[in-house]
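Residue-level structure breakdown
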Amino acid sequence: MERSSGILMPMSALPAKYGIGTMGRCAYQFVDFLKAAGQKYWQLLPIGPTSYGDSPYASFSSFAGNPYFIDLDLLAKEGLLKRAELNRPDWGDDPARVDYGKIYRSRFEILRLAFERGRECLAEEILAFREKNRGWVENYALYMAVKAHFGMMSWTEWPQEDIRLHRPGAVEKYGALLREDVDFYIFVQYLFFRQWDALRDYAHENGVQFIGDIPIYVALDSADVWSEPEFFQLDGENVPVEVSGVPPDAFTEDGQLWGNPLYDWEAMKRDGYGWWLRRIDGARRLYDIIRIDHFRGLESYWAVPYGAETAREGRWRPGPGMDIIKVLMSWFKDLNLIAEDLGYVTPQVKKLLADSGLPGMRILEFAFDAHGESDYLPHRCAPNSVCYIGTHDNDTVMGWVEATGREDLRFARRYMHITEDEGWCWGLVRTGMATPSDLFVVQMQDLLELPASCRMNTPGTSGGNWQWRMLPGAGSKKLAKKLREYTETYRRI
């Protein structure tokens, strides 16, 4: 990885019409902003279809794209939609927030209209897409169709046991019964990937590459677990035995109970890690660099009995370690990975990171302890690392300043030479740019000097997350010029 920089900006946060960011004009304009600002990378949060809670880290599929990100204006230009149809729904009245409830109620009705108009004239293209992606799209489309058939309840609660357990006869039966809906969900994925491929081509033409995030775990309520239960720790009725989480720490008294099903690593190893090879191959179609969330879970993972009320009842169990990393690296010769090595980092996790040769992460908001020697202090950042001020799980810089103790803040100010003229946000941008880390990534909120209310996610909370949106015009030429000057100064162009 050459010395460079980029911006962390969720697709959902782009200032598009119809309530949420899309792969339309707003995305192309953001690529233009990145180019003008001298940035090489656009880092995204996961872009799969979201479920209850709207978290991009809890998706219905590891392979599918989020229908919310399909640009409706582009469909209207093709004649698949009419302008009056787009203006009819209530998409939400706050341009600074995503109203997922309103989008959920309207988005699929609009896409159904596009399906009815486009299914015949685009039949050959859709068939080609279907054949190319048969390994995942058929199961995903059937899963969504059956889910809709049963009122969108989780597959673990489907009243018909045969389809709940993914038995071949039931798969064939429901595929025929719900053929229209299956075709619709495949059509939606065709639209998504057609728009994504066009956007990615435009980004590459302008010197911009994508960094994508894949969660280490998948959601229980997903096509992944429903269609391939043999690779997860489930009992004979496909109910989880143990689920994911992290143990209690200084921030969470009871730990964090994530609830994802855990992998059956022995079964995956016997299969040659084929499931992971397919997953990484799917991510490579989307991204130029892949960030593996919760990398430490490959060394060992916290397993909590299914049904436990908190993560306190969990225990550490060994992960596959270098075994899976060697398989991935040998299979994909040009694979570019970033290891999210945050959280409870033991000597064993540090050794795994060193043995893998992957770049880890350094978070400046974790660096400034007036009475300690943090590994995240700027001068301790290794070249083979990615430096962030904060990630989507951290507060904005202005929120961090408000929440940080006086002594630590005084130390941070002295260390970084923060001045009133430059301010905290741009002082931290300067500091991150100056680190030895090969790559520096800044959240868009911090370039805009936004308060804590614009934070993307607060771990351990269930409401108010994933909603922030950038206002139209915020990514100005003046801002791009300022960021480019910092980027050039520290030789990241």
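Preceding this section is the structure that the text describes.
Before going into details, it helps to say that this report is about the structure given with it. Since the structure is predicted, the reported quantities are computational estimates derived from the model, not experimental observations.

With respect to the secondary-structure elements, Met153 resides in the loop between α6 (134–149) and α7 (161–164). Along the sequence, Met153 and Asp221 sit 68 residues apart, while their C-alpha atoms lie 8.9 Å from each other. If near-sequence neighbours (up to four positions away) are discounted, Met153 is found in contact with Lys147, Trp158 and Pro159.

Before going further, it helps to spend a moment on the side chain of Glu365. Along the chain, the position of Glu365 falls in the loop between β10 (360–363) and β11 (385–388). Notably, Glu365 is buried but unbridged: the nearest opposite-charge side chain belongs to Arg455, and the N-O separation is 7.0 Å. Apart from residues lying up to four places away in sequence, Glu365 is in contact with Ile389, Gly390, Asn394, Asp395, Thr396, Val397 and Trp400.

A few words on the nonpolar core. By size, the foremost hydrophobic cluster in this structure holds 162 residues, and its most contacted members are Trp42 and Trp276. The element contributing the most residues to this core is helix α9 (residues 179–205), with 13 residues. Val243, Val304, Ala308 and Ala311 belong to the second largest nonpolar core, which has 5 residues in total.

It is worth spelling out the pattern of salt bridges at this point. According to the stated counting rule, one finds 39 salt bridges in the structure shown. Between Glu161 and Arg164 there is a salt bridge, with the nearest N and O atoms lying 3.8 Å from each other. Taken together, the residues Glu161 and Arg164, both in helix α7 and 3 residues apart, mark about one turn of the helix. Assessed through its relative accessible area of 37%, Glu161 is described here as partly exposed. As a salt-bridge pair, Glu161 and Arg167 come within 3.3 Å of each other at their nearest N and O atoms. Classification of Arg167 by relative accessible area gives partly exposed; the value is 38%. Salt bridges linked by common partners bring Arg130, Glu131, Arg134, Glu138 and Asp183 together as one network.

Turning to the packing of aromatic side chains, a few remarks are in order. For the structure shown, the criterion picks out 45 aromatic pairs. On the basis of an interplanar angle of 40° and a centroid distance of 6.1 Å, the ring pair of Tyr143 and Trp158 is categorised as tilted. Of this pair, Tyr143 sits in helix α6 while Trp158 sits in the loop between α6 and α7, and the two are 15 residues apart along the sequence. Comparing Tyr143 with Trp158 shows no difference in burial state: the two are buried. Consider the rings of Trp265 and Trp276, whose centres lie 6.3 Å apart with planes at 20°: the pair is stacked. Note that Trp265 is positioned in helix α11 (residues 265–270) and Trp276 in helix α12 (residues 274–286), a separation of 11 residues in sequence. A relative accessible area of 9% means that Trp265 is categorised as buried. In this structure Trp276 comes out as buried when scored by relative accessible area, which is 2%.

The rules we used
- Residues numbered from 1 in each chain as written.
- Predicted model: local features only at pLDDT ≥ 70, side-chain atom pairs only at ≥ 80, totals over all residues.
- Heavy atoms only, no water.
- Helix = DSSP H or I, 4+ residues; strand = E, 2+ residues; numbered from the N terminus.
- Contact = heavy atoms within 4.5 Å.
- Buried < 20%, exposed > 50% of the residue type's maximum accessible area, 1.4 Å probe, protein only.
- Lys, Arg positive; Asp, Glu negative; His and termini not counted.
- Salt bridge = Lys/Arg side-chain N within 4 Å of Asp/Glu carboxyl O.
- Core = buried A, V, L, I, M, F, W, Y, C linked by side-chain atoms within 4.5 Å.
- Phe/Tyr/Trp six-rings, centres within 6.5 Å; stacked < 30°, edge-to-face > 60°.

So far we have only geometry, and geometry alone does not tell us how the molecule works.
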